[in-house]
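Summary of the model geometry
Residues per chain are reported as follows:
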Amino acid sequence: FPPLAGTKWALGNEDRLIKIVLKGLLGPIEVNGKQYAGQVPMTPFGGLLNDKEVAAVLTYIRNSFGNKASPIQPEKVKAVRAATTSQKDIYNASQLLNEHPMEK
């Protein structure tokens, strides 16, 4: 499984990270220069966690494992959740990177 420590996936664009938690992730992904097959999907938690809970989990990830990043606000999760209501399928990495290019 890909790491959470020091990755742009965890520390970069907040919308991209929130979408992964809300809708899940399936398929190949490159993290810190290493390829991962992604055959086991990341579970979509949008129906299981409320906005405050998603924000708390992501803030924890962004500030644990040696990470240092700004907190995720519940209002941001709410906005992303509303913007992705039509997204019925699990995301894949290329789709997310098309919407939110990886930071340099």
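Scroll up to find the structure.
Notes on the structure in this doc start here. (Residues numbered from 1 in each chain as written. Predicted model: local features only at pLDDT ≥ 70, side-chain atom pairs only at ≥ 80, totals over all residues. Heavy atoms only, no water.)

Turning our eyes to something else, we now look at a nonpolar patch on the surface. Taken together, the side chains of Leu 4, Tyr 60 and Phe 65 make up a nonpolar region of the molecular surface, amounting to roughly 330 Å² of accessible area. In this structure, Phe 65 sits in the loop between α3 (51-62) and α4 (74-83). By relative accessible area, which is 48% here, Phe 65 ends up partly exposed. (Patch = residues over 30% accessible without salt bridge, like charges linked within 9 Å, V, L, I, M, F, W, Y side chains within 5 Å. Areas by Shrake-Rupley, 256 points an atom, 1.4 Å probe, with all protein chains shown as cover. Salt bridge = Lys/Arg side-chain N within 4 Å of Asp/Glu carboxyl O. Helix = DSSP H or I, 4+ residues; strand = E, 2+ residues; numbered from the N terminus. Buried < 20%, exposed > 50% of the residue type's maximum accessible area, 1.4 Å probe, protein only.)

Here the largest pocket defines a volume of roughly 590 Å³. What lines the largest pocket is a set of 27 residues, among which Pro 2, Leu 4, Ile 20, Leu 25 and Met 42 lie closest to the centre. Residues of the lining of the largest pocket, tallied by class, amount to 23 nonpolar, four polar and no charged. (1 Å grid on protein atoms, 1.4 Å probe; cavity = no way out; pocket = protein on both sides within 12 Å on 5 of 7 lines; lining within 4 Å. Points joined across faces, edges and corners; volume = space filled by probe spheres on them. Nonpolar A, V, L, I, M, F, W, Y, C, P; charged D, E, K, R; others polar.)

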